[in-house]
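Here is what each chain is made of, one letter per residue.
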Amino acid sequence: MRTVELVCSAGLDTAVRSAWDRLAAAGLPSLARNTHPTNRPHLTLAAVDGFPPGAEHRLANLFDAVLPVPVTLDRIVVLDGSAPLVWLVRPAPALTALHAAVWDVLADAVGHRPWHAPGAWVPHLSLALRFRNADLRLARAVAGGQRPTGAFVAARSYDGADRTVTPLTHV
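Cut-off values and rules
- Residues numbered from 1 in each chain as written.
- Predicted model: local features only at pLDDT ≥ 70, side-chain atom pairs only at ≥ 80, totals over all residues.
- Heavy atoms only, no water.
- Helix = DSSP H or I, 4+ residues; strand = E, 2+ residues; numbered from the N terminus.
- Rg over C-alpha atoms; globule rule 2.2 N^0.38 Å.
- Buried < 20%, exposed > 50% of the residue type's maximum accessible area, 1.4 Å probe, protein only.
- Contact = heavy atoms within 4.5 Å.
- Areas by Shrake-Rupley, 256 points an atom, 1.4 Å probe, with all protein chains shown as cover.
- Polar contact = N/O pair within 3.5 Å; in protein donor to acceptor, adjacent residues only side chain to side chain.
- Pairing = 2+ DSSP bridges.

Asks: Before we move on, could you go through the overall build of the protein and cite the residues and values that matter?
Replies: Helices and strands together make up the secondary structure of the protein, namely four helices and seven strands. Reading the protein from its N terminus to its C terminus gives the helix and strand order β-α-β-α-β-β-α-β-α-β-β. On C-alpha atoms alone, the protein measures out to a radius of gyration of 16 Å, which is about the 16 Å that the 2.2 N^0.38 rule sets for 171 residues. If you line up the protein on its principal axes, its C-alpha atoms span 45 × 30 × 30 Å. By residue count, 47% of the 171 residues in the protein fall in the buried class. The long-range share in the protein, meaning contacts at least 24 apart out of those at least 6 apart in sequence, stands at 79%. As displayed, the protein offers around 8200 Å² of accessible surface, 57% of which is attributable to carbon and sulfur atoms.

Asks: Describe the environment of Val-77, listing the residues and the values that go with them.
Replies: Secondary-structure assignment places Val-77 in strand β3 (residues 69–78). Judged by relative accessible area, which is 12%, Val-77 ranks as buried. The spatial distance from the C-alpha of Val-77 to the C-alpha of Asp-13 is 19 Å, given a sequence separation of 64 residues. Setting aside chain neighbours within four positions, we find Val-77 in contact with Pro-84, Leu-85, Val-86, Leu-88, Leu-136 and Arg-140.

Asks: Describe the side chain of Ser-157, and please don't skip the residues or the numbers.
Replies: Within the element layout of this structure, Ser-157 appears in strand β6 (residues 149–159). A relative accessible area of 0% places Ser-157 in the buried class. Reaching out from Ser-157, the side chain makes a polar contact with the side chain of Arg-2 at a distance of 2.9 Å. Within the structure, Ser-157 has its side chain in polar contact with the backbone oxygen of Thr-3 (distance 2.7 Å). Sequence-distant contacts of Ser-157, that is, excluding residues within four places in its chain, are made with Arg-2, Thr-3, Phe-51, Thr-164, Val-165, Thr-166 and Leu-168.

Asks: Lay out unusual backbone geometry in plain terms, naming residues and giving numbers.
Replies: The omega angle of the peptide bond from Leu-67 to Pro-68 is 10 degrees, so this bond is cis rather than trans. With respect to the helices and strands, the residue Pro-68 is situated in the loop between α2 (55–66) and β3. Its identity as a non-glycine residue notwithstanding, Arg-130 has a phi of 50 degrees, on the positive side. Relative to the helices and strands, Arg-130 is located in the loop between β5 (124–128) and α4 (136–143). Phi is positive for Arg-163, close to 55 degrees, though the residue is something other than glycine. You can see Arg-163 is positioned in the loop between β6 and β7 (164–167).

Asks: So what about the pairing of β7? Which residues, and what values?
Replies: The sheet contact formed by β6 and β7 spans four bridges and is antiparallel. From the neighbouring strand, Arg-156 faces β7, where its bridge partner is Pro-167. Hairpin connection of β6 to β7: four residues between the antiparallel strands, including Arg-163 at a positive phi of 55 degrees.

In structure tokens:
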């Protein structure tokens with residue numbers, strides 16, 4: 001599987017990592033416990049089995065033309081009741097347009113993950129995996145009620161087969 005992800009500005013990255021740390025310190029599930037070097041706050045725009053020929057170059061050109069994209073985080077929720085704990089991302093028009101453009105580039109890719117498709121996509125930054133909805137109130141109190149702002153400043157692709165990342169920007 002290959003993903004297309006946006007990487008956070010330094011301040012936004014710090015805000016999310018701080019929430020990870022507070023969750024872990026409170027004994028709650030947290031991505032702070034994932035020590036793999038590729039683990040960092042990011043927004044997934046798409047995931048496919050593999051990129052069609054030329055997609056990486058077209059994606060890099062797209063991202064170079066539009067990044068940075070401003071972002072504001074919204075509330076903290078548990079997706080589907082007992083799945084990831086996430087910080088929702090307000091879907092500003094520039095972000096929604098970028099998401100659609102990425103899907104246009106990947107139109108010929110095989111194995112699209114439908115939960116990332118335009119119309120189904122819930123933009124978010126993950127805080128923890130396999131989180132229980134019953135712990136949501138505590139998680140919100142621990143993570144804080146702020147609405148951090150920042151920007152998505154770069155793009156990358158994660159390769160699930162070998163657990164590596166590839167930059168998707170030229171600059």
